[in-house]
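Each chain is listed here by its residues.
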Amino acid sequence: MRKTQTIASLGMSIAAAGALLAMASGCSAGNGSSAQNPTQGTPSTSASPSSAAPVPSTAAATPSARPSAPAAPAPAPQPSTGTPSAAEQQLATLDVEQRVGQLFMVAAKATGAEPATMAALNKYHVGNVYLSGRSKAGTATTASVVSALTGTVSAATTGGLPLSVATDQEGGFVQVLSGPGFSQIPAALVQAGAGPTKLRADAAVWGKELRSVGVNVNLAPVLDTVTSPEFAPSNAPIGHFQRQYGFTPHDVSVLGNAFADGMKDAGVAPVVKHYPGLGRVVPNTDVSSEVRDTSTTSNDPALEPFQAAIKGGARWVMVSNAYYDKIDPANIAPFSPTIMDTMLRTDAGFTGIVLSDDLCSAAQLEAWSDADRALNFFAAGGTMLVCADPARIPTMHQAVVQKAQSDPAFRAKVDAAVLTILRVKAGQ
């Protein structure tokens, strides 16, 4: 049973969250929506956003070789700014379990949600869902699947807040929804041949198809820059499947963001991924561990497409699951304050949702317990955690709730992240 809170304690939480937002210039889809297994002839159709074949973790705790990510510095107290914003007023209506539920995006099979997904939505108050796997059933059946998911929204589950409903509709090997009413979308490298104007128009059509079934977030486009056509076949998560929009940051920026703009034109929020880039790695984080990028720096030219997306109004950025040796060699990206707070928030000025790639089934995460995956991500500055295995939601949700109830600094991070989600859901 959820614990109720006094109005005074809610006010303290809002003030703390406001302080963190002021400090961080706003708060905050394994290779998120990427990962197919390069050893197979076609991508896997598992529940992960990248549809890769996951290796479930059995680790009970964070190993000493991989220390928990350092927490970002606690913000200095800030004076109240007066009347609470609409998002702050919404936040005050949610108890702690509902707030934590907003921080998760859980997988639902595109052919119909399983009981574990429905339990995550109903019992653990999860506020966001993505359609995973593959469905060839077409728009009418998909709309029915989505309706069953959004029908879980109530005062008792999400506090009446609507679900963000996402899927992976990149094109090529990564297209979750197909069948009557859905276009057959080519791979990104093929899309690029149309040029930015035609590509934007095409993406608007594809986005309208998603909106027609109730999907309002697309875990695309890929803005990773694969370094060359010669290297592409060795780049398991991206180049191997022609998921890139070109081989220079400029081409990827112009063409990938044309796709993003088309989605926005259709009323679908694009999720640009996989920050700070997977175009230089060899293994795929969905099916391999210890995946490292040994070249990318914190001011790398390959960041250009992401920076352009943020300047163009992108409100969702997905971080990769790789290590970046020249940025933060001790922490994978979703556990790195350097990548999520310093680079994304401070340097790039991003104020939207910092979304993880799959933290539940990706092989890269197998060394950490479920609880540590969630706690590390939110402590490091993440906003919303993608989970391809709904059976792991209870442990993650409970760990975050318990930490928020016992640690005021962590509670401030939770509340600030929820405020960001509420603002993005409201179109801010």
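Please refer to the structure placed before this passage.
We now turn to the structure provided with this report. (Residues numbered from 1 in each chain as written. Predicted model: local features only at pLDDT ≥ 70, side-chain atom pairs only at ≥ 80, totals over all residues. Heavy atoms only, no water.)

**Some points on the sheet that holds strand 14 (residues 384–387)**
- Taken together, nine strands build an open sheet; the order of strands is 7-6-3-2-1-14-13-10-8 and the sheet is parallel. Of all strands in the sheet, those with a lone pairing partner are strand 7 (269–270) and strand 8 (272–275), marking the two edges.
- Note that strand 10 (residues 316–319) and strand 13 (residues 353–358) share three bridges and pair parallel. Its bridge partner lying in strand 13, methionine 318 is registered against leucine 355. (Pairing = 2+ DSSP bridges. Helix = DSSP H or I, 4+ residues; strand = E, 2+ residues; numbered from the N terminus.)

**Points about the pattern of salt bridges**
- For the structure on display, the rule yields 17 salt bridges.
- A salt bridge links arginine 200 to aspartate 261, with the nearest nitrogen and oxygen atoms 3.9 Å apart. In this pair, arginine 200 sits in helix 7 (residues 196–212) while aspartate 261 sits in helix 8 (residues 249–265), placing the two residues 61 residues apart along the sequence.
- A salt bridge links arginine 373 to aspartate 370; the nearest nitrogen and oxygen atoms lie 3.9 Å apart. Pair noted here: arginine 373 and aspartate 370 are both in helix 11 (residues 370–379), with a separation of three residues, about one helical turn. Note on accessibility: arginine 373 and aspartate 370 belong to one class, buried.
- Connected via shared salt-bridge partners are Asp168, Glu170, Arg243 and Lys273. (Salt bridge = Lys/Arg side-chain N within 4 Å of Asp/Glu carboxyl O. Buried < 20%, exposed > 50% of the residue type's maximum accessible area, 1.4 Å probe, protein only.)

**Comments concerning helix 7**
- Here helix 7 spans 24 Å end to end across 17 residues, near enough to the 24 Å set by a 1.5 Å rise per residue.
- Contact partners of the buried residues in helix 7: strand 3 (164–167), strand 4 (169–171), helix 6 (188–191), strand 6 (217–218) and helix 8. (Expected span 1.5 Å × (residues − 1). Contact = heavy atoms within 4.5 Å.)

**Side note on the state of the cysteines**
- In the structure shown here, the tally under the stated rule is one disulfide.
- Paired by a disulfide, cysteine 360 and cysteine 387 hold their sulfur atoms 2.0 Å apart. Disulfide cysteine 360 to cysteine 387: torsion about the S-S bond roughly -110°, handedness left-handed. One end of the pair, cysteine 360, is in the loop between strand 13 and helix 11; the other, cysteine 387, is in strand 14, with 27 residues separating them in the sequence. The exposure classification of cysteine 360 matches that of cysteine 387, with both residues buried. (Disulfide = S-S within 2.5 Å.)

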